[in-house]
Amino acid sequence: MSIEFTAPVPLIKIMDKPHHKADEFADREARKYVRPIASREYIMEILAEKGEPLTWQELAGILDFREEQDIDALQRRLRAMERDGQVIRNRREGYGLVEKMDLVRGYVSAHPDGYGFLVPDDSSDDLFLSARQMRAVIHGDRVVARVSGIDRRGRREGAIVEILQRNTHSVVGRFFRESGIGFIIPDNKRITHDIAVPAEYQGQAQEGQIVVVELIEQPTKRRQPLGRVIEVLGEHMAPGMEIDVAIRAHELPHRWPAEVDEEIQSYSEEVSRADTEGREDIRRLPLVTIDGPDARDFDDAVYCERNGKDWRLIVAIADVSHYVGPASALDQSAQERGNSVYFPGRVIPMLPELLSNGLCSINPGVERLCMVCDMNVSASGAIKSYRFYSAVMKSHARMIYDDVAAMLEGDEVLCQRFAELLPHLENLHQLYHVFAKQRIKRGTIEFETTETVIKFGPQKKIQSIVPLSRNVAHKLIEECMITANICAARYLDKHTMPTLYRVHELPDADKLADLREFLKSFGLKLEGGARPEAAHYAHVLSQVGDRPESHLIQTVLLRSMKQAVYSPDNIGHFGLALTQYAHFTSPIRRYPDLLVHRAIAHLLKGGTADDFDYSVEDMARLGEQCSMTERRADEATRDVEAWLKCEYMMDKVGECFDGIISGVTSFGLFVELQGIYVEGLIHVTSLSNDYYHFDPVKHCLVGERTRQVYSLADKVNVRVVRVDLDEKRIDFDLANKYDEQGGKKHRGAKQRGKSKHEARKPGKTAPEKPHAQEKSRPSRKTKAGAGQRKSKKTAPKTSKRQLRRKKRIR
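What counts as what
- Residues numbered from 1 in each chain as written.
- Predicted model: local features only at pLDDT ≥ 70, side-chain atom pairs only at ≥ 80, totals over all residues.
- Heavy atoms only, no water.
- Patch = residues over 30% accessible without salt bridge, like charges linked within 9 Å, V, L, I, M, F, W, Y side chains within 5 Å.
- Areas by Shrake-Rupley, 256 points an atom, 1.4 Å probe, with all protein chains shown as cover.
- Salt bridge = Lys/Arg side-chain N within 4 Å of Asp/Glu carboxyl O.
- Lys, Arg positive; Asp, Glu negative; His and termini not counted.
- Charge placed at Lys NZ, Arg CZ, Asp CG, Glu CD.
- Helix = DSSP H or I, 4+ residues; strand = E, 2+ residues; numbered from the N terminus.
- Buried < 20%, exposed > 50% of the residue type's maximum accessible area, 1.4 Å probe, protein only.
- Polar contact = N/O pair within 3.5 Å; in protein donor to acceptor, adjacent residues only side chain to side chain.
- Core = buried A, V, L, I, M, F, W, Y, C linked by side-chain atoms within 4.5 Å.
- Contact = heavy atoms within 4.5 Å.
- Pairing = 2+ DSSP bridges.
- pLDDT = per-residue confidence, 0-100.
- Phe/Tyr/Trp six-rings, centres within 6.5 Å; stacked < 30°, edge-to-face > 60°.
- Lys NZ or Arg CZ within 6 Å of the ring centre and 35° of its normal.
- Axes fitted to C-alpha atoms, helices over the stretch in contact; angles between N-to-C directions.
- Disulfide = S-S within 2.5 Å.

It is worth spelling out a positive patch on the surface at this point. Taken together, Arg 132, Arg 135, Arg 146, Lys 221 and Arg 222 make up a surface patch of like positive charges. Relative to the elements of secondary structure, Arg 222 occurs in the loop between strand E11 (210-217) and strand E12 (226-234).

What follows deals with the pattern of salt bridges. Tallied over the entire structure, the rule returns 42 salt bridges. Residues Glu 82 and Arg 89 are paired through a salt bridge, measuring 3.9 Å at the closest nitrogen-oxygen approach. The exposure class of Glu 82 is buried, given its relative accessible area of 10%. Close ionic contact of Lys 520 with Glu 517 constitutes a salt bridge, the shortest N to O distance being 3.7 Å. Here Lys 520 and its partner Glu 517 are both found in helix H16 (residues 509-520), three residues apart, which amounts to about one turn of the helix. Exposure remark for Glu 517: the relative accessible area of 44% places this residue in the partly exposed category. Because the salt bridges share partners, they merge into one network encompassing Glu 231, Asp 244, Arg 248, Arg 255 and Arg 346.

A few words on the environment of Asp 297. You can see Asp 297 is positioned in the loop between strand E14 (289-291) and strand E15 (300-307). Given the relative accessible area of 16%, Asp 297 is considered buried. Measuring from C-alpha to C-alpha, the distance between Asp 297 and Ile 588 comes to 7.7 Å, with 291 residues separating the pair along the chain. A polar atom in the side chain of Asp 297 sits 3.2 Å from the side chain of Tyr 342.

With that settled, the discussion passes to the nonpolar core. Of all hydrophobic cores here, the largest spans 100 residues; its most connected members are Met 399 and Phe 584. Here this core gets 14 residues from one element, more than from any other, and that element is helix H15 (residues 472-494). Setting aside anything within four residues of it in sequence, one finds Phe 584 in contact with Ile 317, Met 371, Cys 373, Phe 388, Ala 484, Asn 485, Ala 488, Asp 593, Val 596, His 597 and Ile 600. By size, the runner-up hydrophobic cluster in this structure holds 67 residues, among which are Leu 669, Leu 687, Tyr 710 and Val 716.

Strands sit in the order E13-E20-E19-E16-E15 across an open sheet of five strands; the sheet is mixed. Two strands in the sheet have a free side with no partner beyond their single neighbour: strand E13 (280-281) and E15. Here strand E16 (residues 310-318) runs beside strand E19 (residues 367-377); their pairing, made up of eight bridges, is antiparallel. For Arg 312, the partnering residue across the bridge sits in E19 and is Asn 376.

The next point concerns the confidence of the model for the protein. On average, residues of the protein score 85 in pLDDT, and 88% of them are at 70 or above. Confidence scores differ between elements of the protein, with helix H22 (residues 756-759) showing the lowest mean pLDDT of 34 and helix H19 (residues 591-604) the highest of 98. Below a pLDDT of 50 lies the segment residues 1-16, which in the model reaches 26 contacts outside its immediate sequence neighbourhood of four places, other chains included. Long-range and interchain partners of residues 738-808, a stretch whose pLDDT sits below 50, account for 215 contacts in this model, where long-range means more than four residues apart.

It is worth spelling out the packing of aromatic side chains at this point. Counted under the stated rule, the structure contains 14 aromatic pairs. Aromatic side chains Tyr 115 and Phe 117 sit 6.0 Å apart centroid to centroid with 80° between the ring planes, which places their arrangement in the edge-to-face category. Classification of Phe 117 as buried rests on a relative accessible area of 10%. Taken together, Tyr 386, Phe 388, Tyr 491 and Phe 584 form an aromatic cluster joined through their ring pairs. The residue whose ring lies beneath Arg 155 is Phe 128, and the NZ or CZ to ring-centre distance is 4.3 Å.

Further remarks concern the pairing of strand E9 (residues 181-186). Put simply, side chains in a regular strand alternate between the two faces of the sheet. Strand direction decides the pairing type here: strand E8 (residues 170-178) and E9, joined by six bridges, are antiparallel. For Arg 174, the partnering residue across the bridge sits in E9 and is Ile 185. The hairpin turn running from E8 into E9, its antiparallel successor, is two residues long, and Ser 179 in that turn takes a positive phi close to 55°. Across three bridges, the pairing between E9 and strand E10 (residues 195-197) is antiparallel. Paired with Gly 182 across the bridge in E10 is Val 197.

On to the sheet that holds strand E31 (residues 709-711). Taken together, three strands build an open sheet; the order of strands is E29-E30-E31 and the sheet is antiparallel. The open sheet has two free edges, formed respectively by strand E29 (692-695) and E31, since each of these has just one partner strand. Taken pair by pair, the neighbouring strands of this sheet meet at an average axis angle of 20°, ignoring direction.

Let us look at unusual backbone geometry. Unlike most non-glycine residues, Glu 251 shows phi in positive territory, near 50°. Inspection of the secondary structure puts Glu 251 in the loop between helix H7 (241-249) and helix H8 (258-264). Backbone geometry places Arg 707, a non-glycine residue, at a positive phi of 60°. In this structure, Arg 707 sits in the loop between strand E30 (700-703) and E31. Exposure remark for Arg 707: the relative accessible area of 55% places this residue in the exposed category.

What follows concerns the state of the cysteines. All chains considered together, the criterion is met by zero disulfides. Between Cys 487, a free cysteine, and Cys 373, which holds the nearest cysteine sulfur, the sulfur-to-sulfur gap is 4.1 Å. By relative accessible area, Cys 487 is classed as buried at 0%.

Shown next as C-alpha cells:
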C-alpha cells in the first residue's frame with residue numbers, strides 16, 4: 001500500500017543517528033533490485049542492537065531513508081518479515097524480534113475433533129491449541145503464539161498472539177441448505193469450520209454437489225468463515241472426482257498463470273545451437289534412461305565403464321536451471337508447487353509439459369542439455385573423485401526396469417535387441433553389488449517395503465490393487481542417484497554455498513527410551529546411548545532375521561525415527577548413514593533439486609557464496625516451503641488412494657477377509673487385508689466381553705479381565721461392516737465374534753453384502769451390519785481410514801505408512 005507524503009522530512013523524525021555499520025548483504029540486494037534497500041538481516045541486526053521494538057518511522061530514521069520510494073519499500077519489507085515470522089508488530093506499531101519476545105513461530109496442525117497443535121519452526125515440542133484457540137485459525141495457517149501453561153498431560157499449551165499468514169484461501173466440500181441458509185461441509189476433515197455461503201454467493205450450486213468456495217472472510221474467535229461458490233465440480237461419486245477434490249482441498253496449484261504461458265512461448269521444442277556453446281559434448285557416450293513403463297518425464301541418464309580397477313560412473317541430469325531462471329514466472333510457479341504430485345492415473349507437474357515432457361526430459365535420440373556428475377569409484381565402492389560440468393547429450397535408449405532386470409538375468413531376445421548397450425548395463429550391475437556392500441559397511445538402515453499400483457477399469461473405477469516389486473534395476477538406479485546426491489552435497493559443502501540439504505535428524509530421546517523398553521521384551525538391545533547411529537538400528541534388524549515378530553520390530557523401529565526434511569543446515573542423513581546428502585537428481589519434479597543445480601552452475605561459472613542469488617536465510621525459508629509442499633502432496637495422494645479404496649470396498653460389506661494388524665492405538669486396531677492392500681479400523685468398542693487398555697510401549701491392546709492381547713503384526717480374520725466415502729473410512733469387526741453369537745465364520749471366504757447398486761448411491765455410506773462399531777475420530781497422529789498402509793503379499797506385511805515414511809526419510 002502506497003502512502004502519500006506531503007512533507008516527508010518532518011514525518012520521518014530522525015530519532016537516532018544513521019546506522020553506519022555496513023550491510024553485509026548489500027551486494028546481494030543490489031543484484032536483486034533496481035533500487036535496493038536494507039536487507040532483512042541488516043534490519044534484524046539493528047533491532048537486536050537497539051534491544052527494543054522500533055516503529056517503521058524509527059527504522060527509516062536510523063537508515064536515513066527520506067525518499068518515498070525507499071520508505072514504501074521498507075514498509076513492504078517489514079510486512080514480508082512479519083508474514084514470515086521474523087518480526088512481530090506490537091500494539092504500539094513497533095517491530096520486534098520474535099525470539100526476544102519469548103514467542104513461538106510455526107504452523108497450525110488441526111485435529112478433526114476441533115483442537116490442534118502449533119508445530120514450531122525450531123523443531124521444539126508442539127504447543128497444544130484448545131478448540132477455543134482454533135476458532136480463529138484454519139489448518140495450515142502460520143501463527144506466532146506464547147506458551148500459556150502446561151496441561152494435565154504435561155504438554156505445553158499455547159495462546160495465539162498473531163496470525164502471520166493465512167494459507168487456506170479456497171475450500172472444497174459438499175454444499176447443503178438448511179432453512180434457506182447455505183453452507184459447505186469441507187472435504188478436508190482438518191478444516192473443522194463449516195463455511196457459510198450467503199444466498200447471493202451460492203451461484204448454481206445444488207444440494208449435495210461438490211463445490212469450491214473462495215473464502216471472502218477468514219474465521220475469527222466470534223464468527224465462522226464466509227465463502228463464495230466459484231466452481232461446481234459435480235456430483236458426489238462422478239468418475240475422477242476424488243482427484244479434483246483432493247487438488248482443491250489441499251490447494252494444490254494446478255493451473256498455469258498467464259505469465260507462465262506467455263514465458264514458455266519463447267521456448268522451442270528443440271535445443272538451439274547457441275544453448276550448446278561452452279558445454280562438453282557427450283552425445284556419443286551411450287547414456288540410457290531406465291524408468292517405469294508409465295514414466296513420461298525422464299530427468300536422469302546413466303553410464304558406467306571400468307577404469308582400471310576402479311569404475312567410472314556418469315549420472316547426467318536434465319539441466320532445468322538453464323531454462324528456469326531465478327525470479328522468472330516459471331520459477332515463481334515452480335516454487336509455489338514445490339514438487340510434482342503423482343496421483344493414480346494423473347500427474348500435476350511442477351513445470352509445464354513443454355519443459356517437463358519436452359526440453360527438460362531426456363527423451364531417446366534427441367539432444368538435451370544436462371548437468372553431469374562424473375565420478376571415479378574405487379573397487380570397494382568409495383567415491384575417490386568427482387567432477388561436475390554442463391554438457392549436451394543424447395540418450396541412446398529409453399529402457400524400463402523390468403526389461404533391464406530380464407537382460408541381466410539373460411533374456412536372449414532383449415539381450416540381442418540391446419546388444420550394444422548390454423556391456424554398459426552389466427558394468428552398472430557389477431557396480432551396484434559394490435555399492436550394496438558399501439551400504440552394509442556404513443550401516444544404512446534397510447526396511448523391507450512394497451509399493452502397490454491401483455489398476456483402473458471402465459469409467460475410472462478401481463479394478464484391482466497389485467504389488468509393485470522392486471527388482472535389481474530399481475536398486476542399481478537408486479544407488480547411482482544416491483551416489484550423485486552425495487557428490488553434490490560434498491561439492492556445495494566444500495564451497496560453503498547456501499543450498500538445501502536433505503537432512504534426517506536423530507530420533508528423539510523419548511522415542512529412543514520407548515524403543516529400548518520395547519526391544520528389551522524381545523531380548524534385544526539398541527546400542528549407541530543418547531546418539532545411536534544408523535548402524536545400531538541395522539544391527540537390530542540383522543538380529544531379527546526370520547523371527548515371527550520381525551515385522552512388529554521393524555515397524556516400531558521405523559516409527560521411532562523422524563521424517564527427513566530440507567534445510568540449509570548440513571546435519572547429515574541418519575537413515576542413509578551419510579554425513580552429507582542433497583537432492584540433485586530430479587530437478588524436473590522437485591524444487592530443492594533445482595536450487596542445488598543453480599548453486600552448482602554458479603560455482604562452475606566462477607561464482608562464490610558471496611555473489612550467489614540466495615542467502616542462507618533464503619534457503620531456510622525455501623526449505624520450509626519445500627518441506628511443506630512435500631507434506632501437502634503426501635496428504636493429497638493419501639486422500640485419493642483412501643477414497644478409491646473405499647469405493648472399491650463398498651460392494652464388499654459383509655464379506656470376511658484375512659488380515660494383519662498394521663496399527664494399534666487407544667481407540668482401536670488398524671487391520672490391512674491380505675492380498676487386497678486395503679486398511680480399515682476395528683474400533684475398541686467392538687472388541688466384546690472385556691475392557692481393553694492401550695500399551696504404547698508394547699504397541700498392543702490388552703483385555704483387563706481376559707488378558708487377551710492384540711499386537712502389531714497379529715493375524716486376524718475380519719468382516720467388513722461399514723464403508724464411509726465422505727469420511728474415507730472402512731470399519732471392520734472380528735469375524736469370530738459372529739461365531740460366538742451364533743454366526744458363521746468364513747476364513748477368507750465371502751459373505752454377501754448389499755447389492756453394488758445399493759452400496760453406490762451418491763452421498764450414502766455402504767449399509768452397516770448389525771454389529772458395526774461406534775464411529776470415532778482418531779488422534780492427530782493416526783487417522784482412521786482406508787488406504788493408509790501397504791504390505792507385501794505374504795505375512796508379515798510392511799505398511800503403507802512405513803513406505804511413505806521411508807520415502808520421506810530419503
